[in-house]
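# Structural features, examined
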Amino acid sequence: MKNQRHSSATRSLFIKVPEITAYFWIIKVLSTTVGETFADYLNGTLGFGLTGTSVAMTIALALGLVLQMTRKKYVPTTYWLVVVLTSIAGTLLTDNLTDNVGISLILSSVVFAVLLAISFIVWYSSEKTLSIHSIDTFRREAFYWLTILLTFALGTATGDLVAEHFAVGYGNSFWLFAAAIAVVGVGIRFRVIGSIAGFWATYVLTRPLGASIGDFMSQSKDNGGIALGTTTTSIIFLAVISAVVTFLSITKKDVIRR
């Protein structure tokens, strides 16, 4: 019994993700917005092109993951850097399928939904849990980041599908996805939806929600935006992310304690 308690205490030191608080969701939405606008900034404003942007962000994400997965505990700056990079990479996955390969947003949404489902199935079959409170081994963290990448790709595809293909518009898309998140929240509150399923559903839905905000702020007025541009929009949201992450690094308010 004593050994079991010691093992549990030791494992808790290696939890590599933050507690789910309001701060978590604030940064998550902000990071999805940056994922949308910063990818457009590199692609269009700086002229990297889609292929060049994809190569650069793939390398950056790989380096970020190495840094994150070699940490021995949750470090806010490292963790959220990887989330932002994963958001950008997920956006680029969908953009490459649509623009370079010519796959429709409907098909890419289906493909990423199937891949995400497979990821969950394999993860659960291997670890018997999908809870982020159990991310305390290398294998579980690998499943975690793969799943997050797929949620960003799926969220990008479905967000573009609704806002652009179905011509709902960026502003209306925001309210549509906000309503969907509210429904999930009510389902969790009344125990119609399990907390783990609700978390991952919300994680997927906050991607198009954040992207709608980013597109609304950055796109021209002719395209339904307010024309701040990708540079200004990216700077605004990166600054807010940095401020919140700095606050969490100091206060430790999002550290999981067992």
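Our subject is the structure that appears above.
The present account deals with the structure reproduced in this document. Just so you know, the residues in each chain are numbered from 1, in the order the chain's sequence is written. Local features are withheld for residues below a pLDDT of 70 in this predicted model, meaning they are given only at 70 or higher, and side-chain atom pairs are given and counted only at 80 or more; totals for whole chains, interfaces and linings count all residues. No hydrogens and no water enter the side-chain calculation; it runs on all heavy atoms of the structure.

Looking now at the overall build of the protein chain. Comment: elements are numbered from the N terminus, with helices defined as DSSP H or I runs of at least four residues and strands as E runs of at least two. In terms of helices and strands, the protein chain carries nine helices and zero strands. Counting from the amino terminus, the protein chain carries its helices and strands in the arrangement α-α-α-α-α-α-α-α-α. Only C-alpha atoms enter the radius of gyration; for comparison, a globular chain is expected to reach 2.2 Å times N to the power 0.38, where N is the number of residues. Against the 2.2 N^0.38 benchmark of 18 Å for 258 residues, the protein chain shows a C-alpha radius of gyration of 18 Å, consistent with a compact globule. For the protein chain, the C-alpha atoms occupy an extent of roughly 65 × 35 × 35 Å along the three principal directions. Whether a residue is buried, partly exposed or exposed follows from its accessible area with a 1.4 Å probe, protein chains only, as a fraction of its type maximum: under 20%, in between, or over 50%, in that order. Here the protein chain holds 258 residues, and the buried ones make up 47% of them. Every residue pair with non-hydrogen atoms within 4.5 Å of one another is taken to be in contact. Sequence-distant contacts, at least 24 apart, represent 74% of the contacts inside the protein chain between residues at least 6 apart. In this description, accessible areas are obtained by the Shrake-Rupley approach with a 1.4 Å probe, and a residue is regarded as covered only by the protein chains that are shown. Element-wise, carbon and sulfur atoms account for 68% of the exposed surface of the protein chain, whose accessible area totals about 12500 Å².

Nonpolar cores are built from buried Ala, Val, Leu, Ile, Met, Phe, Trp, Tyr and Cys residues. Side-chain atoms within 4.5 Å join them into one set. Tyr79, Tyr144 and Trp200 are the most contacted members of the largest nonpolar core, which has 51 residues in total. Looking at this core, the elements with two or more residues in it are helix H2 (22–45), helix H3 (49–69), helix H4 (76–100), helix H5 (105–127), helix H6 (138–165), helix H8 (195–218) and helix H9 (229–251). Ranked by residues supplied to this core, first place goes to H6 with 10 residues. Once residues within four sequence positions are removed from consideration, tyrosine 144 is found in contact with Val17, Tyr79, Trp123, Ile132, Ile135 and Trp200.

Multiply 1.5 Å by the residue count of a helix minus one, and that product is the helix's expected span. Its 25 residues place the ends of H4 35 Å apart at the C-alpha level, agreeing with the 36 Å of an ideal helix rising 1.5 Å per residue. Among the 25 residues in H4, 18 count as buried, and that is most of the element. Downstream of H4 by a residue or two, glycine 102 has a phi angle that is positive, lying close to 85°.

Two numbers describe how H8 lies on H9: the axes approach to 8 Å, and their chain directions differ by 130°. On the basis of the axis angle, H8 is oblique to H9. Between H8 and H9 lies a crossing of right-handed hand. Facing Ile213, Gly214, Met217 and Ser218 of H8, the residues of H9 in contact are Gly229, Thr230, Thr233, Ile236 and Phe237. For the contact of H8 with H9, a count of residues per class yields four nonpolar, five polar and no charged. In this analysis, axes come from line fits to C-alpha atoms, helices being fitted only over the stretch in contact, and the angle between any two N-to-C directions falls in the range 0 to 180 degrees. Our angle categories are set so that under 35 degrees counts as roughly parallel, over 145 as roughly antiparallel, 65 to 115 as roughly perpendicular, and the remainder as oblique. Here is the rule for handedness: rotate from the far helix to the near one, and if that takes an anticlockwise turn smaller than a right angle the crossing is left-handed, while a clockwise turn gives right-handed. The classification used treats Ala, Val, Leu, Ile, Met, Phe, Trp, Tyr, Cys and Pro as nonpolar, Asp, Glu, Lys and Arg as charged, and all other residues, Gly among them, as polar.

Aromatic pairs are defined between Phe, Tyr and Trp rings, using the six-membered ring for Trp, whenever the two ring centres lie within 6.5 Å; interplanar angles under 30 degrees are classed as stacked, those over 60 as edge-to-face, and all others as tilted. Scanning the entire structure with this criterion turns up 22 aromatic pairs. Their ring planes at 65° and their centres at 6.0 Å tell us that phenylalanine 152 and tyrosine 203 sit as a pair that is edge-to-face. Pair noted here: phenylalanine 152 is in helix H6 and tyrosine 203 is in helix H8, with a separation of 51 residues, a long-range link. A residue is classified by how much of its surface remains accessible, and phenylalanine 152, at 0% relative accessible area, is buried.

One non-glycine residue, arginine 191, adopts positive backbone phi at about 60°. You can see arginine 191 is positioned in the loop between helix H7 (170–189) and H8. For alanine 227, which is not glycine, the phi torsion reads 65° and is therefore positive. Relative to the elements of secondary structure, alanine 227 occurs in the loop between H8 and H9.

Counted as salt bridges are all cases of a side-chain nitrogen of Lys or Arg within 4 Å of a carboxyl oxygen of Asp or Glu. Enumeration according to the criterion identifies four salt bridges in this entry. We note a salt bridge from glutamate 141 to lysine 16, for which the minimum N-O separation is 2.9 Å. With glutamate 141 in helix H6 and lysine 16 in the loop between helix H1 (2–12) and H2, this residue pair connects regions lying 125 residues apart in the sequence. On the basis of relative accessible area, glutamate 141 is assigned to the buried category, the value being 2%. A relative accessible area of 5% means that lysine 16 is categorised as buried. Among the ionic contacts, a cluster of salt bridges with common partners joins Glu127, Asp136, Arg139 and Arg140.

This paragraph deals with the packing of H3 against H4. Two quantities define a packed helix pair, namely the angle between the axes and the distance from one axis to the other. The geometry of H3 relative to H4 is characterised by a closest axis approach of 9 Å and an angle of 150° between their N-to-C directions. Regarding the angle of H3 to H4, the classification is roughly antiparallel. Where H3 crosses over H4, the two elements pack in a sense that is left-handed. Between H3 and H4, the residues in contact are Leu50, Thr51, Thr53, Ser54, Met57, Ala60, Leu61, Gly64, Leu65, Leu67 and Gln68 and Thr78, Tyr79, Val82, Leu85, Thr86, Ile88, Ala89, Leu92, Asp95, Asn96, Asp99 and Asn100, respectively.

Below, the discussion takes up H5. Under the 1.5 Å per step criterion, the end-to-end length of H5 is 32 Å for 23 residues, consistent within 8% with the ideal 33 Å. On its buried face, H5 sits against H4, H6 and H8. One or two residues past the end of H5 sits lysine 128, with phi positive at roughly 65°.

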